[in-house]
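An overview of the molecular structure
Listed below, chain by chain, are the residues.
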Amino acid sequence: MAAPDVDVFSNEEKRNLNLGGHVGFDSLPDQLVSKSITQGFCFNILCVGETGIGKSMLMNTLFNTTFENEEASHYQNGVYLRPRTYDLQESNVNLKLTIVDTVGFGDQVNKEESYKPIVDYIDTQFENYLQEELKIKRSLFNYHDTRIHICLYFIAPTGHSLKSLDLVTMKKLDSKVNIIPIIAKADTISKSELHKFKIKIMSELVSNGVQIYQFPTDDEAVTEINSSMNAHLPFAVVGSIEEVKVGNKMVKARQYPWGVVQVENESHCDFVKLREMLIRVNMEDLREQTHTRHYELYRRCKLEEMGFKDTDPDSQPFSLQETYEAKRKEFLSDLQRKEEEMRQMFVNKVKETEAELKEKERELHEKFEQLKRMHQEEKRKIEEKRRDLEEEMNAFNRKKVAAETLQAQSLQGLQQPLRKDKDKKN
Ligand SMILES: Nc1nc2c(ncn2[C@@H]2O[C@H](COP(=O)(O)OP(=O)(O)OP(=O)(O)O)[C@@H](O)[C@H]2O)c(=O)[nH]1
Ligand SMILES: [Mg+2]
């Protein structure tokens, strides 16, 4: 029997059928919810802002708790990032929250490199995730995902404009993380000034091409609220965990001699808007954007850097297997070429050394011959001298013998007349 043709219907030909009764796949969303609840969620916030700008206070206010807080000193040599992870629970939902603080940001005289540790930190988290994904035995299910979902950028409430450090840092980060700019300590700036300040900041961000996170407007349920909130950016926030009695209610506020700033009062500041947008409406979108936009970009660049492609030079699909084979071939031929180069280098070196040795040998031989010649000359001279001396000695001996003979004869000649005289006397 012929195999059934599975691709009988094209998309347009798919038919809607009425079910005869309850089947049950309408519970799929509930299954997802229950699975997500069991699994728990993780959310990672990066707070970038100058020392003492109110980062820790805002986190405490946002999550209605007191996280550990260590004041940073203003005398750091550079910027570093301090991550802290907490397990939080609300109703039956578990949240693994990581708050990463920049320590020493804005404290150095030369702030040119201040953005680097932040970029490196974000990249490292992406890299860790990519490494987990590329493992043969992956455990993404219980992997602690440390990728940054949101970067809250704390702008000092100067009322003037953004500092170049703010622009440079946000520009370097905008393709790697969702950025929400916030004006910190907004209680220190007047209402009219704040309005102008917000407009100035937004126009500076636009003119410098800084892409900040836009609350999504494609989901009907949140289109209205998100598009109205996009117009309120950057949020001007006030942080406080102090409870103050206002009317007959205890509210979080900052108390001043001239009055009380209520954190959760929308006519005092944008804290509620931030909490609403960050946690209650768009937390999942921030997580999704991190994965589908920022991480995807990192992954693509990284894999391309490693030589992986989806298509060959003729735009034909190119599988991972083919890329691997091509890379392997390239690597092997490279290796062979390098080996050949090394071999040639070795041969040349040996030849060079051989020639050097031969030259040295020749020089030594020449020296030896010269020494030999000198030695023979010396020997010949000495031999000549010896012969001369011997001749001189012989001549001397001959002369000596002659002299002795002569002496003996003359003595004899003297003694004979004396004997004759003696005989005569006798
Ligand atoms: N006026 C005003 N003061 C604030 C606000 N938030 C925090 N502060 C004060 O600012 C000071 C520093 O606040 P932190 O939250 O410790 O600042 P930080 O940015 O975490 O500081 P480091 O971690 O040391 O860099 C504290 O005295 C806070 O009470 C705010 O919204 N308005
Ligand atoms: Mg702090």
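Scroll up a little and you will see the structure.
Conventions used here
Residues numbered from 1 in each chain as written. Chains lettered and ligands numbered in written order. Predicted model: local features only at pLDDT ≥ 70, side-chain atom pairs only at ≥ 80, totals over all residues. Heavy atoms only, no water. Phe/Tyr/Trp six-rings, centres within 6.5 Å; stacked < 30°, edge-to-face > 60°. Helix = DSSP H or I, 4+ residues; strand = E, 2+ residues; numbered from the N terminus. Lys NZ or Arg CZ within 6 Å of the ring centre and 35° of its normal. Salt bridge = Lys/Arg side-chain N within 4 Å of Asp/Glu carboxyl O. Buried < 20%, exposed > 50% of the residue type's maximum accessible area, 1.4 Å probe, protein only. Axes fitted to C-alpha atoms, helices over the stretch in contact; angles between N-to-C directions. Parallel < 35°, antiparallel > 145°, perpendicular 65-115°, else oblique. Contact = heavy atoms within 4.5 Å. Nonpolar A, V, L, I, M, F, W, Y, C, P; charged D, E, K, R; others polar. Near = heavy atom within 4 Å. Polar contact = N/O pair within 3.5 Å; in protein donor to acceptor, adjacent residues only side chain to side chain. Areas by Shrake-Rupley, 256 points an atom, 1.4 Å probe, with all protein chains shown as cover. Patch = residues over 30% accessible without salt bridge, like charges linked within 9 Å, V, L, I, M, F, W, Y side chains within 5 Å. Expected span 1.5 Å × (residues − 1).

**So, the packing of aromatic side chains**
Taken as a whole, this structure holds ten aromatic pairs when the rule is applied. Arranged with centres 4.6 Å apart and planes meeting at 45 degrees, the rings of F67 and Y86 form a pair that is tilted. On the criterion of sequence distance, the pair formed by F67 in the loop between α2 (55–63) and β2 (80–90) and Y86 in strand β2 is long-range, its members being 19 residues apart. Three or more aromatic residues joined by ring pairs make a cluster, and in this case those are F126, Y129, Y143, Y295 and Y298. One Lys or Arg, R147, reaches over the ring of Y129 and ends 3.5 Å from the middle of that ring.

**Describing the pattern of salt bridges**
Between side chains of opposite charge, a pair can form when the charged atoms approach closely. If you walk through the whole model with that rule in mind, you get 30 salt bridges. Between R343 and E340 there is a salt bridge, and its shortest N-O distance comes to 3.2 Å. Here R343 and its partner E340 are both found in helix α9 (residues 320–425), three residues apart, which amounts to about one turn of the helix. Exposure remark for R343: the relative accessible area of 47% places this residue in the partly exposed category. The network of salt bridges with shared partners includes K198, E266, D270 and K273.

**A few points about the packing of helix α3 (residues 116–134) against helix α8 (residues 283–305)**
One way to put it is that α3 packs onto α8 with a least axis distance of 10 Å and a crossing angle of 80 degrees. With respect to α8, the axis of α3 lies roughly perpendicular. Of α8, the residues touching α3 (which contributes D123, F126, E127, Y129, L130 and E133) are T290, H291, H294, Y295, Y298, R299 and K302. Taken together, the residues of the contact of α3 with α8 break down into five nonpolar, three polar and five charged.

**Brief notes about the site of ligand 1**
Surveying the vicinity of ligand 1 reveals 18 residues, the closest of which are S56, M57, A72, D187 and G239. In this structure, an oxygen atom belonging to ligand 1 sits 3.0 Å away from a main-chain N or O atom of G54. When ligand 1 sits alone it has 640 Å² of accessible area, and the protein chains cover 81% of it. Counting only elements with at least two residues in the shell around ligand 1, the list comes to α2 and β8 (249–256). Top contributing element to the shell around ligand 1 by residue count: α2, with three residues. Here the residues of the shell around ligand 1 sort into five nonpolar, seven polar and six charged.

**Considering a nonpolar patch on the surface**
Where nonpolar side chains cluster on the molecular surface, the patch consists of L19, V23, F25 and L28 and spans about 440 Å² of accessible area. In this fold, L28 is placed in helix α1 (residues 28–39).

**Here we look at α3**
Helix length check: α3, at 19 residues, gives a terminal C-alpha distance of 26 Å against a target of 27 Å (1.5 Å per residue), a fit within 8%. Among all positions in α3, only I118, V119, Y121, I122, D123, Q125, F126, E127, Y129, L130, E132 and E133 are buried. The secondary structure elements touched by the buried residues of α3 are β1 (41–48), β2, β3 (93–103), α4 (164–173) and α8.

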